[in-house]
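Survey of secondary and tertiary structure
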Amino acid sequence: MSSSNSSVAVAQAATARSPHESLEKMTVQSRNLHDEAQQYTPGGLSHNARYHSPYPIYMKRARGSRLWDVDGREYIDLWMAHYDAILGHAAPEILGPVRDALANGIHIGLAIEQEVVLARRVCEVVPCADRVRFCSSGTEATMYAVRMARAFTGRNTILKIAGGWHGANTDLMVDVFPPDYGVPEGRGLPPELTRATRSVTYNDIEDTARAMREAGGDLAAVILEPVMGAGGMIPAEKEYLQFLREETRKSGALLIFDEVITGFRIALGGAQEHHDILPDLTTLGKILGGGLPIGAICGRADVLDETSILRKVPKQERVIVGGGTYSCNPLSMAGGIATIDTLEAMEDELYPNLERRNQTLCEGIEKAFASQNIPVTLMAPASLHAVHFTREAGHPVRSMADVLEHTFPEKQIELADRLRVHGVFELHAGALSAAHSDDDIETLIAAYERCAEEMAEAGA
Ligand SMILES: Cc1ncc(COP(=O)(O)O)c(C=O)c1O
């Protein structure tokens, strides 16, 4: 690395060795807050994914594509509130309607007109949605979807993807965190869980067909994300989705797309619109709330209607979905309606623009690492991306098994740490928003170039 200024050169050398040392100098207030937080909250955090070394950076403000931390540092954000802020942070299109809703009360806890409007809008734009029910998080949505599938089919076995994250929902807490699969995900989970829920390898038709055969007439549903977020934005291949669609139909099981990340992102109607494949049920969250808490289960009328309060059946015949003090709260409904309306109005230019910028960014990232002889494989579905540090450049990454066998996940963490030093915030993957400009993309590529140089130097 060349620099005419010796003190800068020293700082750069230090950064190359340890991004944490540099971060610790720049984020003193965050360290203090995390020290204090640990007195009250185990580990100092209520959401585990928000932890990163050496301690979480505490944020104060977010606008557009930018974040500001408690020490006053500015970042270009790629985490974008768990990938939910597709219109940018605090988008005026959302803020206005949410403020208007606030003027009528924070939460009423009774039926409101806006829940009818949002339900209609979801049914209009999500291809599989004959009906929809709202809840307050994606975790609740996947919990209910699995329950509905078991109730509708009268069967018990659920197949999920190894490494797939659907929230901390007990039913799906099987083979989530790598590297060890086939063992309990932790203490406190029912021992019978791994009999009822089993995992298969993403994009592996043979492995999935075998598991489906084994489950036989007890298969209630297959649940998967059309882009696997936790694996590092790995897209499902169309043939795999088609195979699942055909085989679940043949076997009388339901196909559930967890579109909590991909809904309204891969296309307005989600990945199911993009691939033209209709699941029986879909779970939604994130973007749907416009930044406010939400979850939803939508899909076939005959499956959803079993959960109707108007259905007069004995208790044993009921399908309990509901509860949730904050379900359909006015602020989330207003955020959701404004989001869908805005995305629909901008659809023709927004999605192609997001994709174009993401491609430019990913090409820039690829070049940055290639020029330092660091092999990577980029995942870039629509406006999502992740850098996988593969053993050979461009080695395919199609499943968590590939991530474990062919990549160095710890380098992804190192990259995110280094990016923070250079004013870019991401955890293990990124998402662009309407607020990310072409200038932002250039600045981002320059930051990745710096990180690639440092990683090469640290490796050397
Ligand atoms: C694919 C997927 N499903 C479900 C969830 C859970 O959603 P929530 O965090 O809103 O409970 C997440 C959260 O990250 C997710 O990525």
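Residues numbered from 1 in each chain as written. Predicted model: local features only at pLDDT ≥ 70, side-chain atom pairs only at ≥ 80, totals over all residues.

So, on to the overall build of the protein chain. The number of helices and strands found in the protein chain is 17 helices and 16 strands. The C-alpha radius of gyration computed for the protein chain amounts to 22 Å, which stays within 12% of the reference 23 Å derived for 460 residues, consistent with globular compactness. When the backbone C-alpha atoms are referred to their principal axes, the protein chain occupies close to 80 × 55 × 50 Å. Considering the protein chain as a whole, with its 460 residues, one finds that 48% of them fall into the buried category. When contacts within the protein chain are restricted to residue pairs at least 6 apart in sequence, long-range pairs at least 24 apart make up 72% of them. (Helix = DSSP H or I, 4+ residues; strand = E, 2+ residues; numbered from the N terminus. Rg over C-alpha atoms; globule rule 2.2 N^0.38 Å. Buried ≥ 20, exposed ≤ 12 C-beta atoms within 10 Å, placed from the backbone. Contact = placed C-beta atoms within 7 Å.)

The next thing to look at is the site of the ligand. The ligand sits among 15 residues. The nearest are Ser137, Gly138, Thr139, Gly167 and Val260. Looking at which element gives the most residues to the shell around the ligand, the answer is helix H7 (residues 138-153), with three residues. Split by residue class, the shell around the ligand holds three nonpolar, ten polar and two charged. (Near = placed C-beta within 6 Å. Nonpolar A, V, L, I, M, F, W, Y, C, P; charged D, E, K, R; others polar.)

Strand order in the open sheet made by the three strands is E13-E14-E16, with antiparallel pairing throughout. Looking along the sheet, the strands with just one partner apiece sit at the ends: strand E13 (377-379) and strand E16 (430-431). Examined bridge by bridge, E13 and strand E14 (residues 384-388) share three bridges and lie antiparallel to one another. Within E14, the position partnered with leucine 378 by the bridge is valine 387. Where helix H14 (residues 330-370) meets the sheet, its contacts fall on E13 and E14, and the angle it forms with E14 comes to roughly 10°. (Pairing = 2+ DSSP bridges. Axes fitted to C-alpha atoms, helices over the stretch in contact; angles between N-to-C directions.)

What follows deals with the domain arrangement of the protein chain. Entries for the protein chain in the domain assignment read domain 1 (15-89 + 349-459) and domain 2 (92-343). Here domain 1 and domain 2 have C-alpha centroids that lie 27 Å from each other. Each side of the interface is counted separately: domain 1 has 26 residues, and domain 2 has 27 residues. Among the elements of the structure, helix H4 (80-83), H14, E14 and helix H15 (400-406) are those that each provide at least two residues to the side of domain 1 that touches domain 2. Considered class by class, the residues forming the side of domain 1 that touches domain 2 number 18 nonpolar, six polar and two charged. (Domains from an automatic or database assignment.)

Next up on the list: helix H6 (residues 113-125). Relative to the 18 Å expected for 13 residues at 1.5 Å per residue, H6 spans 19 Å between its end C-alpha atoms, a close match to the ideal helical length. Structurally, H6 contributes buried residues whose contacts are with strand E4 (131-135), strand E12 (295-299) and H14. (Expected span 1.5 Å × (residues − 1).)

One can find alanine 145 in helix H7. In this structure alanine 145 comes out as buried when scored by C-beta crowding, with 34 C-beta atoms within 10 Å. Here the alpha-carbon distance between alanine 145 and arginine 450, two residues 305 residues apart in the chain, equals 44 Å. Beyond its immediate stretch of four places on either side in the chain, alanine 145 contacts Ile223, Ile256, Leu281, Thr283 and Ile297.

In terms of nonpolar packing, the biggest core is built from 123 residues, with Ala145, Ala149, Ala221, Leu254, Ile256 and Ala296 touching the most fellow members. The greatest single-element share of this core, amounting to 14 residues, is contributed by H14. Inspection of this core shows a minimum of three residues originating in each of domain 1 (15-89 + 349-459) and domain 2 (92-343). Every residue in contact with isoleucine 256, bar those within four places of it in the chain, is listed here: Ala145, Ala149, Ala221, Val222, Ile223, Pro279, Asp280, Leu281 and Thr283. (Core = buried A, V, L, I, M, F, W, Y, C linked by C-beta atoms within 7 Å.)

On to the pairing of strand E3 (residues 74-77), then. Where strand E2 (residues 66-69) lies against E3, three bridges are found, and the strand directions are antiparallel. Among the inter-strand pairings, tryptophan 68 is bridged to a residue of E3, identified as glutamate 74. Counting the residues between successive antiparallel strands, the hairpin from E2 to E3 contains four residues, one of them, glycine 72, with a positive phi of roughly 90°.

The sheet built from four strands is open, its strands ordered E1-E2-E3-E15 with mixed pairing. Here the strands that pair on one side only, and so sit at the sheet edges, are strand E1 (59-63) and strand E15 (424-425).

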